[in-house]
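Chains, contacts and geometry: an overview
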Amino acid sequence: MYQTESSWGSYMPPRNVGDPLERIERLASENAVVIFSISTCCMCHAIKRLFCGMGVNPTVHELDEDPRGKEMEKALMRLLGSSSAVPVVFIGGKLVGAMDRVMASHINGTLVPLLKDAGALWL
């Protein structure tokens, strides 16, 4: 079952900012949970489903729908030191990482405390 983009979280219209890394940091700090995604990416879909299934309403930035998304994607690859830029998750303005780091945090029980500390989860 697929849902519309707005069901994943709130949409933030792009603003013009010079450095893509500065823009990422700014966007990541504006909400409790921020996911940088590509709309056709299956791993991005899985991470969005994980958070929504936990009762978290992440803010999702679809890089393929942003005019400066390619620049941001390259900056995320540099930030992660990876050839794959998405999905990338920030919680409480801090980089959690890509899918592997998020899933490891979920499995080892550290994801829920991070979400509670960021005010994204109240249980």
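Residues numbered from 1 in each chain as written. Predicted model: local features only at pLDDT ≥ 70, side-chain atom pairs only at ≥ 80, totals over all residues. Heavy atoms only, no water.

So, on to the environment of Leu 79. Within the fold, Leu 79 resides in helix 3 (residues 69-80). In sequence terms Leu 79 and Leu 21 are 58 residues apart; their C-alpha atoms lie 8.3 Å from each other. Residues in contact with Leu 79, not counting those within four places in the same chain, are Leu 21, Phe 90 and Leu 95. (Helix = DSSP H or I, 4+ residues; strand = E, 2+ residues; numbered from the N terminus. Contact = heavy atoms within 4.5 Å.)

Summarising the model, the protein shows a mean pLDDT of 87, and 85% of its residues fall at 70 or more. For the stretch residues 1-7, pLDDT sits under 50, and the model shows nine contacts to residues farther than four places along the chain or on other chains. (pLDDT = per-residue confidence, 0-100.)

Glancing now at the pairing of strand 4 (residues 94-97). When strand 3 (residues 88-91) meets strand 4, the two strands line up antiparallel, connected through three bridges. Bridge pairing in strand 4 links Val 89 to Gly 97. What sits between the antiparallel neighbours strand 3 and strand 4 is a turn of two residues, in which Gly 92 has the positive phi angle 60 degrees. (Pairing = 2+ DSSP bridges.)

Here the focus is the nonpolar core. Ranked by internal contacts, the top residues of the largest apolar core, which has 17 residues, are Phe 51 and Leu 115. Among all residues touching Leu 115, those that are not within four sequence positions of it are Val 33, Phe 51, Met 54, Val 56, Ile 91, Ala 120 and Leu 121. Core analysis: the second largest hydrophobic core is formed by 16 residues, Ile 24, Leu 27, Met 72 and Phe 90 among them. (Core = buried A, V, L, I, M, F, W, Y, C linked by side-chain atoms within 4.5 Å. Buried < 20%, exposed > 50% of the residue type's maximum accessible area, 1.4 Å probe, protein only.)

It is worth spelling out the packing of helix 1 (residues 20-29) against helix 3 at this point. Each packed pair of helices is defined by two parameters, the angle between the axes and the distance between the axes. For the pair helix 1 and helix 3, interaxial distance at closest approach is 8 Å and the crossing angle is 85 degrees. The orientation of helix 1 with respect to helix 3, classified from their angle, is roughly perpendicular. Residue-level contacts link Pro 20, Leu 21, Arg 23, Ile 24 and Leu 27 of helix 1 to Glu 71, Met 72, Ala 75, Leu 76 and Leu 79 of helix 3. (Axes fitted to C-alpha atoms, helices over the stretch in contact; angles between N-to-C directions. Parallel < 35°, antiparallel > 145°, perpendicular 65-115°, else oblique.)

Another aspect to go through is the packing of helix 2 (residues 42-53) against helix 4 (residues 99-108). Between helix 2 and helix 4, whose axes approach to 11 Å, the crossing angle comes to 30 degrees. As judged from the angle between their axes, helix 2 and helix 4 are roughly parallel. Note that helix 2 runs across helix 4; the crossing there is left-handed. Residues Met 43, Ala 46, Ile 47, Leu 50 and Phe 51 of helix 2 form the contact with helix 4, whose own contacting residues are Met 99, Val 102, Met 103 and His 106. (Left-handed = near helix turned anticlockwise from the far one by under 90°.)

Quick look at the packing of aromatic side chains now. One pair of aromatic rings is described through two measures. These are the centre distance and the angle between the planes. Considering all chains together, one arrives at one aromatic pair under this definition. Residues Phe 36 and Phe 90 carry aromatic rings whose centres are separated by 5.8 Å and whose planes lie at 80 degrees to one another, so their mutual orientation is edge-to-face. Note that Phe 36 is positioned in strand 1 (residues 33-37) and Phe 90 in strand 3, a separation of 54 residues in sequence. The buried category is assigned to Phe 36, whose relative accessible area is 0%. (Phe/Tyr/Trp six-rings, centres within 6.5 Å; stacked < 30°, edge-to-face > 60°.)

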